[in-house]
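Survey of secondary and tertiary structure
Residues per chain are reported as follows:
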Amino acid sequence: MPNIHRAADPDHIIQCVVERFPCRVLWSEGRPCLEYQREEDVAVITDYVRTTYGVELLDVFFTAVESLPEETE
């Protein structure tokens, strides 16, 4: 259960998310954007952030975007 009396640093949350899940952080105008691989991944990440830190995913990340497929030639 998250400690509601102590807010986690967004940089710490971002670091934990990137270490635990198949995603990466893109930066847009100094704001973190979550890039995820699959729609299922973002649902799991959202639940993790909510459960572990007691905040919503978009309170930490400016936005979340699905990775573009790699081009194959």
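Residues numbered from 1 in each chain as written. Predicted model: local features only at pLDDT ≥ 70, side-chain atom pairs only at ≥ 80, totals over all residues. Heavy atoms only, no water.

What about the overall build of the chain?
Along the chain, the regular secondary structure elements total three helices and three strands. The order of α-helices and β-strands along the chain, N terminus first, is α-β-β-α-α-β. A buried classification covers 32% of the 73 residues belonging to the chain. In the chain, once contacts between residues fewer than 6 apart in sequence are set aside, the share between residues at least 24 apart is 57%. Of the accessible surface of the chain, which amounts to about 5,500 Å², a share of 51% is contributed by carbon and sulfur atoms. (Helix = DSSP H or I, 4+ residues; strand = E, 2+ residues; numbered from the N terminus. Buried < 20%, exposed > 50% of the residue type's maximum accessible area, 1.4 Å probe, protein only. Contact = heavy atoms within 4.5 Å. Areas by Shrake-Rupley, 256 points an atom, 1.4 Å probe, with all protein chains shown as cover.)

Structural notes on the side chain of E35
For E35, the location among the structural elements is in strand β2 (residues 31-36). Since its relative accessible area comes to 11%, E35 is described here as buried. Here the side chain of E35 touches R24 through a polar contact of 2.2 Å, side chain to side chain. Each residue touching E35, except ones within four places of it in the same chain, is listed here: C23, R24, L26, V65, S67 and L68. (Polar contact = N/O pair within 3.5 Å; in protein donor to acceptor, adjacent residues only side chain to side chain.)

Let's talk about the pairing of β2
For β2, the tally of buried residues reaches five of six residues, placing the bulk of the element in the interior. Pairing of strand β1 (residues 23-28) with β2, which is carried by six bridges, proceeds in the antiparallel orientation. In the sheet register, L26 faces β2, and the bridge partner there is C33. Between β1 and the antiparallel strand that follows it, β2, lie two residues; E29 among them carries a positive phi value of about 50 degrees. One ladder, built from four bridges, connects β2 with strand β3 (residues 63-66); its direction is parallel. Bridging from a neighbouring strand, E35 pairs with V65 of β3. (Pairing = 2+ DSSP bridges.)

The values reported here are purely geometric and, on their own, carry no functional implication.
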